[in-house]
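Structure assessment
Spelled out from the first residue to the last, the chains are:
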Amino acid sequence: MLDLSVIVNNFTFLVVQGLLGLGGFAGGTLRLALPAIGLGFLLGIFIGLARLTRMAWIRVPATLYVEFFRGVPLVMVIFWMWFIMPQLLRLPIPEYGVALTAFVIFEAAYFGEIVRAGIQSVPRGQVEAATGLGLSGAQAMAYVVLPQALRNMVPSIVTQMIVLFKDTSLASIIGYVDLTKAAQIVNNREIRPFELYLFIAVVYWIFTYSMSRAARRLEQRVAQA
Amino acid sequence: MAEPAIAFRLVNKFFGRLHVLKDIDLTVAPGEVVVVCGPSGSGKSTLIRCVNALERVQSGEIVVLGESVTSAGANLTRLRTQVGMVFQSFNLFPHMTALQNIMLAPLKVRRLARAEVEKTARALLERVGIPDKADNYPANLSGGQQQRVAIARALAMHPKIMLFDEPTSALDPEMINEVLEVMTDLARDGMTMMVVTHEMGFARRVARRIVFMDGGVVVEEAAPEAFFASPTSDRARQFLSKILSH
Ligand SMILES: Nc1ncnc2c1ncn2[C@@H]1O[C@H](COP(=O)(O)OP(=O)(O)OP(=O)(O)O)[C@@H](O)[C@H]1O
Ligand SMILES: [Mg+2]
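Residues numbered from 1 in each chain as written. Chains lettered and ligands numbered in written order. Predicted model: local features only at pLDDT ≥ 70, side-chain atom pairs only at ≥ 80, totals over all residues. Heavy atoms only, no water.

Looking at the overall build of chain A
Looking only at helices and strands, one finds 10 helices and 0 strands in chain A. Scanning chain A from its N terminus toward the C terminus, one meets helices and strands in the order α-α-α-α-α-α-α-α-α-α. The principal-axis extent of the C-alpha atoms belonging to chain A is close to 70 × 50 × 25 Å. Evaluated residue by residue, chain A yields a buried proportion of 45% over its 225 residues. Across chain A, contacts joining residues at least 24 apart in sequence account for 73% of those joining residues at least 6 apart. Carbon and sulfur atoms provide 68% of the accessible area of chain A, an area that totals close to 11,500 Å². Chain A carries 17 positive and 11 negative side-chain charges, and their two centres are separated by 9 Å. (Helix = DSSP H or I, 4+ residues; strand = E, 2+ residues; numbered from the N terminus. Buried < 20%, exposed > 50% of the residue type's maximum accessible area, 1.4 Å probe, protein only. Contact = heavy atoms within 4.5 Å. Areas by Shrake-Rupley, 256 points an atom, 1.4 Å probe, with all protein chains shown as cover. Lys, Arg positive; Asp, Glu negative; His and termini not counted. Charge placed at Lys NZ, Arg CZ, Asp CG, Glu CD.)

Okay, structure coming up:
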């Protein structure tokens, strides 16, 4: 039988510590996912633009960056940040810093590809029309290309955000107490795996499902314009 | 004779190894309307795209309104505000209304005040015959209406020269005339125009001169009456018989 008392009794720990990251340990799924999505996308815009520039000294490193981070597992990047970066920099990096940096660096490669593809999906005639009107390259990008590119990118961006949101559970391997780790800690004490892992599955699902719902509504609104 | 509005001097243009414009020597006087025609791939689009430096050339010189556009230090922004361009596929900005399409460049390039820009934009929509479509997005306009917005958008920068690249080829037959009428009015008002088109009726009525191109070369240059009555080259004769037979 399902015994939900284990959830009720540990609700504060699971939600405040595991989901929000406001407890006594470094952790929190949302505290990691939200800035990772924001910063990763921001960095991704620059990487996507860098991959399209004619200046090889910008384009080539950006391309190598994307190809490299898309070719290695996220767990490995997290381990690097955890074991190698502190040695190289000769200073300790806390769990939160390690996790956030690893996610931003890793996800920016994927967001960068989405941005690049989005920009390339805008027909060349659009840039020509803007250029022909006297707009500079940067103005054409800002007023003509990016607004259309972003619109085309919405579905892939949301998919990537959902992937990232779920991947935050990997941060638990360095002792970062996110939702998954919090459930594991409680389970070690109470041995109620079914209830606990069902509960966090529902929490993850609620967030990812709202994201895809919001995305669908955004797409519809954008399509009407 | 007054200084030409556009002058090509021994212009050569390559796409990689493909020689697309060969020793082009051509001038267009202020207020003159020149129609460019010729078979597909002959270099017509490339020719007029050189005028506002959408294409760079490998040799020769192009002078527009007294300034070389092919020299290294050419002020391309200034050039492009003086030369308007209209494309076959309209190229309206789909995320902006008709009015916003027209207002973008005056706001961002000329940095004029919004109220003034909007007034001009509405007047231009009036001029091209669709004042009631200001708030429509391109997707909700017919092809002919889209092309008229595109013309208004180019005119909003008060250009001295207008380039048209097959402005009616993508249109359903019943919409061709509404666009040609706007162009005819422009010509009557003294606009300098280079028009790539196969609308020979328009060419006959409006053009001062026809330029016939084939294989990257200007094969023939003549007044419309002469060109249609007695083309001197075989290639022009063949081309005309194909075009006029349908
Ligand atoms: N960006 C480009 N890169 C490579 N080749 C090109 C490019 N643009 C045009 N060409 C080639 O240059 C030649 C001339 O093209 P252009 O578009 O000027 O011809 P056109 O006379 O306008 O033809 P159409 O009537 O089909 O529009 C063609 O052979 C075309 O394939
Ligand atoms: Mg063409």
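So that's the structure; there's more coming.
Describing the nonpolar core
Formed by 55 residues in total, the largest nonpolar core has its most connected members in A:Leu14, A:Leu32, A:Phe69, A:Phe103 and A:Phe199. For this core, the elements supplying multiple residues, two or more each, are α1 (5-9), α2 (11-20), α3 (29-52), α5 (74-89), α6 (95-120), α8 (137-167), α9 (179-190) and α10 (193-224) of chain A. Top contributing element to this core by residue count: α6(A), with 13 residues. Setting aside anything within four residues of it in sequence, one finds A:Phe103 in contact with A:Leu32, A:Ala36, A:Leu74, A:Ile78, A:Ala108, A:Leu164, A:Asp167, A:Thr168 and A:Ala171. Counting 54 residues, the second largest nonpolar core, distinct from the first, contains B:Ala121, B:Leu125, B:Met191 and B:Ile243. (Core = buried A, V, L, I, M, F, W, Y, C linked by side-chain atoms within 4.5 Å.)

Some details on the pairing of strand β3 (residues 33-37) of chain B
Residue and element names in this part refer to chain B. Counting buried residues along β3, 5 of its 5 residues qualify, which places the element largely inside the surrounding structure. Burial along β3 is two-sided: Val33, Val35 and Cys37 facing one way and Val34 and Val36 facing the other are all buried. Examined bridge by bridge, β3 and strand β8 (residues 192-196) share 4 bridges and lie parallel to one another. By the bridge assignment, valine 34 is partnered in β8 with methionine 194. Both β3 and strand β9 (residues 209-214) contribute to a ladder of 4 bridges, which runs parallel. (Pairing = 2+ DSSP bridges.)

Notes on the confidence of the model for chain B
Across chain B, pLDDT averages 95, with 99% of residues at or above 70. With a pTM of 0.86, the predicted complex shows an ipTM of 0.92. (pLDDT = per-residue confidence, 0-100.)

Here's the deal with the interface of chain A and chain B
Between chain A and chain B, the residue contacts involve 18 residues of the former and 23 residues of the latter. For the chain A face of the interface with chain B, the top three residues by lost area are A:Glu128, A:Leu133 and A:Tyr143, together amounting to 32%. The tally of links between chain A and chain B comes to 1 salt bridge. The interface formed by chain A and chain B holds 5 residue pairs in polar contact (both at pLDDT 80 or more) in total. Residue contributions to the side of chain A that touches chain B peak at 8 residues, all from helix α7 (residues 124-132) of chain A. (Buried area = accessible area lost by both parts, 1.4 Å probe. Salt bridge = Lys/Arg side-chain N within 4 Å of Asp/Glu carboxyl O. Polar contact = N/O pair within 3.5 Å; in protein donor to acceptor, adjacent residues only side chain to side chain.)

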